Amino acid sequence: MKAKNFYVFVPRETYKTFFNRCYNHLSKLITELKKIGIKATLYPIGSGKRHLVTQKIINGKPQAYDLDFNLEIDLDSLPPKYKSLKKLKDKIRGLLNEIIAENDSFSDGQDSTSVISVPLHFPDSPEIKFSFDLAIVSRNPYGNLQRLIHDKSHNNYTWSPSKNSKDCDKKAEKLKTAERWNQVRDHYLELKNQFINDTNHPSFICYVMAINEVYDLYY
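The rules behind the values
- Residues numbered from 1 in each chain as written.
- Predicted model: local features only at pLDDT ≥ 70, side-chain atom pairs only at ≥ 80, totals over all residues.
- Heavy atoms only, no water.
- Helix = DSSP H or I, 4+ residues; strand = E, 2+ residues; numbered from the N terminus.
- Rg over C-alpha atoms; globule rule 2.2 N^0.38 Å.
- Buried < 20%, exposed > 50% of the residue type's maximum accessible area, 1.4 Å probe, protein only.
- Contact = heavy atoms within 4.5 Å.
- Areas by Shrake-Rupley, 256 points an atom, 1.4 Å probe, with all protein chains shown as cover.
- Lys, Arg positive; Asp, Glu negative; His and termini not counted.
- Charge placed at Lys NZ, Arg CZ, Asp CG, Glu CD.
- Phe/Tyr/Trp six-rings, centres within 6.5 Å; stacked < 30°, edge-to-face > 60°.
- Lys NZ or Arg CZ within 6 Å of the ring centre and 35° of its normal.

Student: Outline the overall build of the protein, supporting the account with residue identities and numerical values.
Tutor: If you tally the helices and strands in the protein, you get six helices and 10 strands. Over its C-alpha trace the protein gives a radius of gyration of 18 Å, about what one expects of a compact globule, namely 17 Å for 219 residues. Each of the three principal axes of the protein carries a C-alpha extent, and together these read 50 × 50 × 35 Å. Within the protein, the fraction of its 219 residues that count as buried is 47%. Sequence separation of at least 24 residues holds for 64% of the intrachain contacts in the protein that already meet a minimum separation of 6. With an accessible surface of roughly 11900 Å², the protein has 49% of that area assigned to carbon and sulfur atoms. The positive charge centre, built from 33 side chains, and the negative charge centre, built from 26, are 2 Å apart in the protein.

Here is the structure:
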């Protein structure tokens, strides 16, 4: 018997318009950060980049889905003021909210534990139609990505390393060239469903796991 709650893939044509709207806002964010001396790069992760967007089904009802982006900060570029991770995240969220307020009907970005989550509501309804999540990341000395985490129970901000993420893109390209991408897709969806209620395994972590585990089967 199939579980009552599970993930399915969202067709590309369904989320393409939302993707373009999000990317437009986030590109402007890069420009604003540059003005205050912060160098950053933007890229969709897992779902948006590799067309692995998933949607949760709860008791047969499709839920709002989201797109995931990384904002990778060049730590060497950070002005002293923003070496405080709280000030860094607050500034990024503030700038993003200003950009959205001028151009779109998204609500203000929310300070979630590992991302800034930006919802879009249905007209005249509290229900969320769609959202996008922006993770603030950087590279540690070993080249692995690390996510900016806000531990709300202690009001502490820290970098949390994403294990085995250093060569993820290279491995993904090798798997695609070897025509093994469908195996990655299948395994990614398995992991999303396996960790459906586990907040320690967001989409990016499941994506990294899927790449590494399928890659290790063949190389």
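That covers the picture; the talk isn't over yet.
Student: Requested: an account of the packing of aromatic side chains, with residues and values cited.
Tutor: The full count for this structure, using the stated rule, is 10 aromatic pairs. Between the aromatic rings of Phe 69 and Phe 132, the centroid separation amounts to 6.3 Å while the plane-to-plane angle is 85°, which identifies the pairing as edge-to-face. Placement of the pair is Phe 69 in strand 5 (residues 65-73) and Phe 132 in strand 8 (residues 128-139), with a sequence separation of 63 residues. Through a chain of ring-to-ring contacts, the aromatic side chains of Phe 18, Phe 19, Tyr 23, Tyr 65, Phe 69, Phe 106, Phe 130 and Phe 132 assemble into a single cluster. Here the basic side chain of Lys 176 rests over the ring of Trp 181, its NZ or CZ set 5.7 Å away from the ring centre. It is Arg 180 that lies over the ring of Tyr 218; its NZ or CZ is 3.6 Å from the centre.

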